[in-house]
Amino acid sequence: MKMSQFVGHAPKPPYILRNQLPYDLDKDSGKEVPESPMMRENNPLTLIPKQYRQVEIKYSKLGIETFDFRHYNDTKFGGLEIHIPNAYCNSMLQVLYFLEPMRGALLNHLCAKEFCLACELGFLFLMLDRSDGHSCQAKNFLRAFRTLREASGLGLLISREEEEQRANLSKLIQNWNRFVLQQLNQEMQPIP
């Protein structure tokens, strides 16, 4: 361990990815991770922490419209639904939402263009402001996004099946972010 003033630094092992928490499961016993804390015995590390587990959401017969997301979201912040094509960009839409100057500029933007990304993003941010913990749909923004020839030319429009099979989502999201920021810069320029 290297010490720099009062802070110690240890090198990251090359086989562990960034932000990854290793946990030890007893592989010799052949047992699965117990579902109940009563079956843990004396080793509390055999359970995956609750915040890292994948949540399985079960919908009713009526689908997503009747589902109560408040059971899973106790905050006042709304999320974006993932059951639409090109939902890979939801994470970046939420990042843009939490950039205060960007959100303020987009909420104040209004123009007469039919498919303006800045207007649709402003409307989406307004829905997220008023959602009070409910989920929102980015369908109008994605509809405006699909009308741009440059977006399809860059390969930013993908179907739901392609999204699940695509291995390089990080590069796709980087290209999406670069394109959207350039497009917003062009759309929000004052008209001379």
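The structure presented is a predicted model; accordingly, all values stated were derived computationally and were not measured.

Conventions adopted
- Residues numbered from 1 in each chain as written.
- Predicted model: local features only at pLDDT ≥ 70, side-chain atom pairs only at ≥ 80, totals over all residues.
- Heavy atoms only, no water.
- Helix = DSSP H or I, 4+ residues; strand = E, 2+ residues; numbered from the N terminus.
- Buried < 20%, exposed > 50% of the residue type's maximum accessible area, 1.4 Å probe, protein only.
- Polar contact = N/O pair within 3.5 Å; in protein donor to acceptor, adjacent residues only side chain to side chain.
- Contact = heavy atoms within 4.5 Å.
- Axes fitted to C-alpha atoms, helices over the stretch in contact; angles between N-to-C directions.
- Parallel < 35°, antiparallel > 145°, perpendicular 65-115°, else oblique.
- Left-handed = near helix turned anticlockwise from the far one by under 90°.
- pLDDT = per-residue confidence, 0-100.

It is worth spelling out the side chain of arginine 103 at this point. Residue position: arginine 103 is located in helix H2 (residues 100-107). The class of arginine 103 is buried, set by a relative accessible area of 13%. There is a polar contact of 3.3 Å between the side chain of arginine 103 and the side chain of tyrosine 97. Among all residues touching arginine 103, those that are not within four sequence positions of it are Leu96, Tyr97, Phe125 and Asp129.

Further remarks concern the packing of H2 against helix H3 (residues 117-130). At a closest axis distance of 8 Å, the pairing of H2 and H3 adopts a crossing angle of 110°. One way to sum up the angle between H2 and H3 is to call them roughly perpendicular. For the pair H2 and H3, the crossing hand works out as left-handed. Residue-level inspection shows Arg103, Leu106 and Leu107 of H2 in contact with H3, the latter providing Ala118, Leu121, Gly122, Phe125, Leu126 and Asp129.

This brings us to the confidence of the model for the protein. For the protein, per-residue confidence averages 77 on the pLDDT scale, and 70% of positions sit at 70 or higher. Averaged pLDDT values for the elements of the protein fall to 66 in helix H6 (residues 160-165) and rise to 92 in H2.

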